Amino acid sequence: MAAAPIDEESNKGSMWVLDQTLDQPMEEEAVRLRNMYKEKKFSSLLVLRLAFQSLGVVYGDLGTSPLYVFYNTFPSKIDETEDVIGALSLIIYSLTLIPLLKYVFVVLRANDNGQGGTFALYSLLCRHAKIKTIPNQHKTDEELTTYSRRTFAENSVAAKAKRWLEAKPYRKNATLMLVLVGTCMVIGDGILTPAISVLSAAGGIKVNSPNMSNDVVVVLAVVILVGLFSMQHYGTDKVGWLFAPIVLLWFLLVGAIGAVNIWKYDSSVLRAFSPVYIYRYFKRGGIERWTSLGGIMLSITGTEALFADLSHFPVLSVQIAFTVVVFPCLLLAYSGQAAYLMKHKEHVSDAFYRSIPEAIYWPVFIVATAAAVVASQATISATFSIIKQALALGCFPRVKVVHTSKQFLGQIYIPDINWVLMVLCVIVTAGFRNTSQIGNAYGTAVVIVMLVTTFLMILIMLLVWRSHWILVLIFAGLSLAVEFTYFSAVLFKIDQGGWVPLVIAAAFLIIMYVWHYGTVKRYEFEMHSRVSMAWIMGLGPSLGLVRVPGIGLVYTELARGVPHIFSHFITNLPAIHSVVVFVCVKYLPVYTVPVDERFLVKRIGPKNFHMFRCVARYGYRDLHKKDDNFEKMLFDSLFVFVRLESMMEGCSDSDEYSLYGQQTERSGDALLDQNGNTVSSDVELTQSSLDSIVPVKSPLRGNSLVRSSAQTSSQTEVDEVEYLNSCRDAGVVHILGNTVIRARRDSSFFKKIAVDYIYAFLRKVCRENSVIFNVPHESLLNVGQIFSV
């Protein structure tokens, strides 16, 4: 067919259509086999077995609190025996209101497909409201099988809350800051829990040797801590079956010892189940009674780790373990200690070990030390999990994440964080040397995390659960009343060790916020400086360059448009590869993206351009493992797309066809032939929606067009697949953009410090993308560019 000229206006209009069509947002064009993620049904026997296992992973921290609660409540002495009854009553109702009612029966239901923690709550909110600060969301992401959300009625409370949250940017930032504060406090827990648990357990050695120096206890605790952190690289899966029996034995021992002490010393302590004694406790004393709440607060430490470590167990199993084993054993343990203190007020500093019958003292000491190690393991694992979530959502520098279990995806190990935690934990232990000041610090961190969880749960109940406002008000009122009471008490102990978690949290908060700020600015730079598709089309089929054999994978932050790095590259080099694939790795606010839904592929320009875009999507639980061949999976998805595209071009028996979720750039074929010359086309282009494109019947060719297309589509597919394979065999080059941001000269002093020093340092020490995706060094090409913010 001879080429026919097209007038200037028509050509101009067609180019506009090209620009609008080709630069549309990313649409799903990869083959997706739907794996419906349905809620698993567990047999009764399996639920009980998982409840047993959950004891070792979830409840270790909460279970070791009896080691140090009464000592931190009465750090000097007990004035009256009635004070013991009042403190016990506070412990009983704290355990009932916070761990039992709030967490086990309410907060655990807010998990994100089994994932817990502050970032899991944030992910749920991001799916129900547009509050994510990195604006790389797209509607195709909502079609994932793991992307679950509900629609809003226009005038519902949920819709009003959603509009209020989205209305102002500062509200989105405030939500993120709230999550970051909670995350930093959980990291503080990961430092303070091992310190106080192990030091308290090791302190039992002094009970039978009163003349022993406290230095010996501190050295023993430090040795245990170093050993604990040194074994982290083995993963919790290796010792998981050992943990559960230890913790179960621990709960049974403390429960039994408590019951014996109640019978042996003073059964009148059971009066503490009446809340009247709480009133009398505060009535008898002044500010000292109020500040003692900081010690009572330690009885519910580990509750947040309970939520963060949820990943491997169904909610029902965790609930059964708490209500059947943990809760009654803890009540017996605290009541038994209180009964002993009624007769021996002077032994408050080591009430737990003093109350143990002499015949079983050393076995209990060994089990207590082992339980303290297990408790520490639980919070360390929770710290790893929550940092992994923060990393995936662009709020933490890229660090090495090691997958330690083939069976459980959530069991991970982060070497850099592990050694930082160990050093800080040893410093805290050796610096304070007693559990009183560490307890003050611990209480501060715990209560702040609980407050953050309450505020996020209010939003979850409104936006996700659509709860009635009265239920939301009841939950918020009860939770905030208890937690603000404890918060006001720990404020009095800021100067007695409570400043430690604030300093630790501030350091991590600066790191996380500065990294997130830099990530957002880099993305905004990519968005604003992206290259127009009209400019790309104007370069011609060879892009105005020499097309050398091979495939170039250009990594970019963008899931839409051509990145600035590409124009920067071809401006400075005279050649480009025969096939160019723009690769965008994007993390979504979901816990995982199924492998068969991970890659989305789109063609850019006409076929003879051989340019594609591939978006690789990950959830915050997904890991880039060394045994994953990212490059192979990417090319497999590309080949599937080419075959699918060729099949769809000729599969219809009618004159019309629709590609669901696709935008095949047929308009490009109407403008350019194989040689890049302008040609006429008898196919009229009609775009019915952003999700489909419908070529309409040709008045000249009629049904013969489809029959001809059907006959040639198979050959076209084979030719292009062979061409891609030959280019792949010629070599694959990974082109990474090394974007450096600098603060403008007129920027404030703090901005210059944050951008030019803190962010630059974090970029220098964090892992490169080439390491994360296992890119061979000989196939890597870095393209640098600098911009000011």
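Residues numbered from 1 in each chain as written. Predicted model: local features only at pLDDT ≥ 70, side-chain atom pairs only at ≥ 80, totals over all residues. Heavy atoms only, no water.

Q: Pulling in residues and values, what's your account of the overall build of the chain?
A: Regarding its fold elements, the chain presents 28 helices and 10 strands. Out of the 789 residues belonging to the chain, those deemed buried represent 57%. The contacts of the chain with a sequence gap of at least 6 include a subset with a gap of at least 24, amounting to 84%. Approximately 32600 Å² of the chain is accessible, and the part contributed by carbon and sulfur atoms is 60%. (Helix = DSSP H or I, 4+ residues; strand = E, 2+ residues; numbered from the N terminus. Buried < 20%, exposed > 50% of the residue type's maximum accessible area, 1.4 Å probe, protein only. Contact = heavy atoms within 4.5 Å. Areas by Shrake-Rupley, 256 points an atom, 1.4 Å probe, with all protein chains shown as cover.)

Q: Run through the packing of helix α6 (residues 118-128) against helix α8 (residues 169-202), naming residues and quoting values.
A: Contact geometry for α6 and α8: axes closest at 9 Å, N-to-C directions at 160°. The angle between α6 and α8 falls in the class roughly antiparallel. In terms of crossing hand, the pair formed by α6 and α8 is left-handed. Every residue of α8 that contacts α6 at T118, F119 and Y122 is listed here: T175, L176, V179, L180, G182 and T183. Among the residues forming the contact of α6 with α8, the class breakdown is 5 nonpolar, 4 polar and no charged. (Axes fitted to C-alpha atoms, helices over the stretch in contact; angles between N-to-C directions. Parallel < 35°, antiparallel > 145°, perpendicular 65-115°, else oblique. Left-handed = near helix turned anticlockwise from the far one by under 90°. Nonpolar A, V, L, I, M, F, W, Y, C, P; charged D, E, K, R; others polar.)

Q: Help me get a handle on the packing of aromatic side chains, residues and values and all.
A: Enumeration according to the criterion identifies 20 aromatic pairs in this entry. One aromatic cluster is present, built from ring pairs that chain together W250, F352, Y353, Y361, W362 and F365. (Phe/Tyr/Trp six-rings, centres within 6.5 Å; stacked < 30°, edge-to-face > 60°.)

Q: I'd like a rundown of helix α5 (residues 81-104), residues and numbers included.
A: Structural remark: α-helix, 3.6 residues per turn; residues separated by three or four positions point the same way. For α5, with 24 residues, the first-to-last C-alpha span of 33 Å sits near the 34 Å given by 1.5 Å per residue. Judged by how many residues are buried, α5 sits mostly within the fold: 18 of 24 residues are covered. (Expected span 1.5 Å × (residues − 1).)

Q: Give a detailed account of the environment of P194, specifying residues and quantitative values.
A: With respect to the secondary-structure elements, P194 resides in helix α8. The buried category is assigned to P194, whose relative accessible area is 0%. Residues P194 and M422, 228 residues apart in the sequence, show an inter-C-alpha distance of 9.3 Å. Contact partners of P194, with chain neighbours within four places excluded, come to D189, L199, L225, L228, F229, S376, T379, I380 and C425.

Q: Account for the confidence of the model for the chain, with residues named and values stated.
A: When pLDDT is averaged along the chain, the result is 77; 80% of the residues meet or exceed 70. Under a pLDDT of 50 for its full length, residues 1-40 has, in the predicted model, 100 contacts with residues more than four places off or in other chains. Within the model, the stretch residues 651-713 combines pLDDT values under 50 with 124 contacts to residues more than four positions away or in other chains. (pLDDT = per-residue confidence, 0-100.)

Q: Break down the pattern of salt bridges for me, citing the residues and quoting the values.
A: The final tally for this structure, using the stated rule, is 11 salt bridges. Measuring nitrogen to oxygen at the nearest pair gives 3.3 Å for the salt bridge that ties D350 to R354. By sharing partners, the salt bridges in this structure join R603, E645 and E720 into a single network. (Salt bridge = Lys/Arg side-chain N within 4 Å of Asp/Glu carboxyl O.)

Q: Got a sec to walk through unusual backbone geometry? Specific residues and values, please.
A: Among all residues except glycine, the phi angle is most often negative; among peptide bonds, the trans geometry is most common. Even without a glycine there, the phi angle at R466 is positive, about 55°. Looking at the element boundaries, R466 is found in the loop between α19 (435-463) and α20 (469-491). Overall, R466 belongs to the partly exposed group, its relative accessible area being 26%. Positive phi values are uncommon outside glycine, yet H610 reaches one of about 50°. Along the chain, H610 falls in the loop between β5 (599-604) and β6 (611-618). Overall, the relative accessible area of 16% leaves H610 in the buried class.

Q: Give a detailed account of the nonpolar core, specifying residues and quantitative values.
A: Residues Y59, F119, F251, Y353, F396, M457 and I460 are the most contacted members of the largest nonpolar core, which totals 169 residues. Looking at this core element by element, the count peaks at 19 residues for α19. Those residues in contact with F396 that lie beyond four places of it in its chain are I387, A390, L391, I417, F508, M512 and W515. By size, the runner-up hydrophobic cluster in this structure holds 30 residues, among which are A120, Y555, Y618 and L736. (Core = buried A, V, L, I, M, F, W, Y, C linked by side-chain atoms within 4.5 Å.)

Q: Break down helix α7 (residues 157-167) for me, with residues and values.
A: Looking only at α7, the buried set comprises A158, A159, A161, K162 and L165. With its buried residues spanning 160° around the axis, α7 presents them on a single face. (Arc of directions from axis to C-beta.)

Q: Explain the pairing of strand β4 (residues 575-587) to me, and be specific about the residues and the numbers.
A: Counting buried positions along β4 yields 11 of 13 residues, so the element is predominantly enclosed. By the bridge criterion, 9 bridges tie strand β3 (residues 546-556) to β4 in an arrangement that is parallel. Note that in β4 the partner of L553 across the bridge is V581. In the sheet, β4 pairs with β6 via 8 bridges, with the strands oriented parallel. Considered in β6, the bridge of K586 is made with R617. (Pairing = 2+ DSSP bridges.)

Q: Give me a nonpolar patch on the surface: which residues, what numbers.
A: Taken together, the side chains of W469, I470, L471, L473, I474 and L478 make up a nonpolar region of the molecular surface, amounting to roughly 640 Å² of accessible area. Locating L478 in the fold gives a position in helix α20. L478 sits in the exposed class, given a relative accessible area of 55%. (Patch = residues over 30% accessible without salt bridge, like charges linked within 9 Å, V, L, I, M, F, W, Y side chains within 5 Å.)

Q: Pulling in residues and values, what's your account of the environment of V58?
A: If you trace the backbone, V58 turns up in helix α2 (residues 44-58). Separated by 245 residues in the primary sequence, V58 and T303 have C-alpha atoms spaced 8.8 Å apart. Once residues within four sequence positions are removed from consideration, V58 is found in contact with L306, D309, F313 and V318.

Q: Give me the packing of helix α17 (residues 361-392) against helix α18 (residues 415-432): which residues, what numbers.
A: Helices that pack against each other are described as a pair by the angle of their axes relative to one another and the distance between those axes. The interhelical angle for the contact between α17 and α18, taken along N-to-C directions, is 130°, at an axis separation of 11 Å. Of the possible angle classes, the one that applies to α17 and α18 is oblique. Handedness of the crossing formed by α17 with α18: right-handed. Each of T383, F384 and I387 in α17 lies in contact with α18, whose residues at this interface are I417, N418 and L421. Among the residues making up the contact of α17 with α18, the classes are represented as 4 nonpolar, 2 polar and no charged.

Q: Pulling in residues and values, what's your account of the side chain of D112?
A: Looking at where D112 falls in the secondary structure, it is placed in the loop between α5 and α6. D112 sits in the buried class, given a relative accessible area of 0%. Of the polar contacts made by the side chain of D112, one reaches the side chain of R127; its length is 2.9 Å. Within the structure, the side chain of D112 is placed 2.7 Å from the side chain of Y620, a separation counted as a polar contact. With residues up to four places along the chain from it excluded, the contact list for D112 reads A120, S123, L124, R127, P589, V590, Y591 and Y620. (Polar contact = N/O pair within 3.5 Å; in protein donor to acceptor, adjacent residues only side chain to side chain.)

Q: Residues and numbers for the environment of F475, please.
A: Position of F475 relative to the elements: it lies in helix α20. Each C-alpha atom, one on F475 and one on M461, is 9.5 Å from the other, the two residues being 14 residues apart in sequence. Residue contacts for F475: discarding those within four places in its chain leaves K102, V106, T454, M457 and M461.

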